[in-house]
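# Notes for the structure review
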Amino acid sequence: MKYKMFIDDERWPTTPDWLICRASRDCILAVEYYGLPESIAFDHDLGGDDTSMTFIKWLDLRLGDGTLKLPENFEFSIHSQNPIGAKNIELYMNDIIRYY
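Reading the values: the criteria
Residues numbered from 1 in each chain as written. Predicted model: local features only at pLDDT ≥ 70, side-chain atom pairs only at ≥ 80, totals over all residues. Heavy atoms only, no water. Phe/Tyr/Trp six-rings, centres within 6.5 Å; stacked < 30°, edge-to-face > 60°. Lys NZ or Arg CZ within 6 Å of the ring centre and 35° of its normal. Buried < 20%, exposed > 50% of the residue type's maximum accessible area, 1.4 Å probe, protein only. Helix = DSSP H or I, 4+ residues; strand = E, 2+ residues; numbered from the N terminus. Pairing = 2+ DSSP bridges. Salt bridge = Lys/Arg side-chain N within 4 Å of Asp/Glu carboxyl O.

### Observations regarding the packing of aromatic side chains
Summed over the entire model, instances satisfying the criterion amount to six aromatic pairs. When the ring of Y99 is compared with that of Y100, the centres are 4.7 Å apart and the planes differ by 85°; the resulting orientation is edge-to-face. A cation over an aromatic ring shows up here: R22 above the ring of W12, its NZ or CZ 4.3 Å from the ring centre.

### As for the pairing of strand β3 (residues 39-42)
Of the two faces of β3, both are covered, the one formed by S39 and A41 as well as the one formed by I40 and F42. Pairing analysis gives four bridges linking strand β1 (residues 4-7) to β3, with the strands arranged parallel. By the bridge assignment, K4 is partnered in β3 with S39. One ladder, built from four bridges, connects β3 with strand β4 (residues 75-78); its direction is parallel. Of the residues in β4, the one forming a bridge with I40 is F76.

### Quick notes on the pairing of β1
The sheet contact formed by β1 and strand β2 (residues 19-21) spans three bridges and is parallel. Note on β2: the bridge partner recorded for F6 is I20.

### Let's talk about the pattern of salt bridges
Counted according to the given criterion, the structure contains seven salt bridges. K2 is paired through a salt bridge with E38; the nearest N and O atoms lie 4.0 Å apart. Of this pair, K2 sits in the segment before β1 while E38 sits in the loop between α1 (24-34) and β3, and the two are 36 residues apart along the sequence. Residue classification places K2 among the exposed positions, given a relative accessible area of 69%. E38 sits in the partly exposed class, given a relative accessible area of 32%. Among the ionic pairs, K87 bridges to E90, the shortest N-O distance being 3.3 Å. On the criterion of helical spacing, the pair formed by K87 and E90 is a turn pair, its members being three residues apart in helix α3 (residues 83-99). For K87, a relative accessible area of 41% corresponds to the partly exposed category. On the basis of relative accessible area, E90 is assigned to the partly exposed category, the value being 30%. Here the salt bridges do not stand alone but share partners, grouping D8, R11 and D43 into one network.

See below:
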């Protein structure tokens, strides 16, 4: 299934064509059910102790064990207001894309 994932615990995407995930667990369940999206828009902080890094680390493990494969032309963006968290997402996701 082709889709786009918007990860944020508060905000809404600017267009209605995104699957919204409010927590890292929502992201994991969506990927387990629908497969990897073509595009992911990341917020870092997802409320409480939850962050998008939980999902990204899970994604890295699934890619590493061959359970998942990045879609061709996969892309991501970051809209987090947390500059350190945004940089962590950027670095980790760029490493994932380079490696897999």
